[in-house]
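Spelled out, the chains give:
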Amino acid sequence: EISACLVGSEMCKETARTFKRRFKEATGETPIGYLQHLRIEAAKHLLESSREQTARIIWSVGYEDASSFRRLFKRTVGCTMEQYRKRFSYVSPKVA
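To keep things clear, this report deals only with the structure shown in the data block.

Reading the values: the criteria
Residues numbered from 1 in each chain as written. Predicted model: local features only at pLDDT ≥ 70, side-chain atom pairs only at ≥ 80, totals over all residues. Heavy atoms only, no water. Phe/Tyr/Trp six-rings, centres within 6.5 Å; stacked < 30°, edge-to-face > 60°. Helix = DSSP H or I, 4+ residues; strand = E, 2+ residues; numbered from the N terminus. Buried < 20%, exposed > 50% of the residue type's maximum accessible area, 1.4 Å probe, protein only. Core = buried A, V, L, I, M, F, W, Y, C linked by side-chain atoms within 4.5 Å. Contact = heavy atoms within 4.5 Å.

What follows covers the packing of aromatic side chains. One pass over the structure, following the stated rule, counts six aromatic pairs. Between Phe23 and Tyr34 the ring centres are 5.5 Å apart and the planes differ by 70 degrees, which places this aromatic pair in the edge-to-face class. Taken as a pair, Phe23 in helix H2 (residues 10-27) and Tyr34 in helix H3 (residues 31-49) lie far apart in primary sequence, eleven residues in all. On the accessibility criterion, Phe23 (19% relative accessible area) is buried. Exposure remark for Tyr34: the relative accessible area of 33% places this residue in the partly exposed category. With centroids separated by 6.2 Å and ring planes inclined at 45 degrees, the aromatic side chains of Phe69 and Phe73 adopt a geometry described as tilted.

Of all hydrophobic cores here, the largest spans 13 residues; its most connected members are Ala43, Leu47, Phe69, Phe73 and Met81. Within the residue set of this core, elements represented by two or more residues are H3, helix H4 (54-60), helix H5 (66-77) and helix H6 (81-88). Beyond its immediate chain neighbours, meaning those up to four positions away, Phe69 contacts Arg39, Ile40, Ala43, Ile58, Val61, Tyr63 and Met81.

Pasting the structure below:
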């Protein structure tokens, strides 16, 4: 059955459509929208609680394309990652 899904059988396609429909009915979000929401929330937490570089945060929440995640973050949160950190971080800035 797994190999049939890998070659794109109708059964697998139907299962994927059913999953997406049921997921949206249950959560109000698409699976990808929900995953993006989780990633944004994880990034916000790391921005608030660490001094980790934004590029590393992006990678750690599961994105490989930093510019794509930065656009998603700004569109969703309303500010850049750097602005968010300045506004909400509770970690003291590193003293040189």
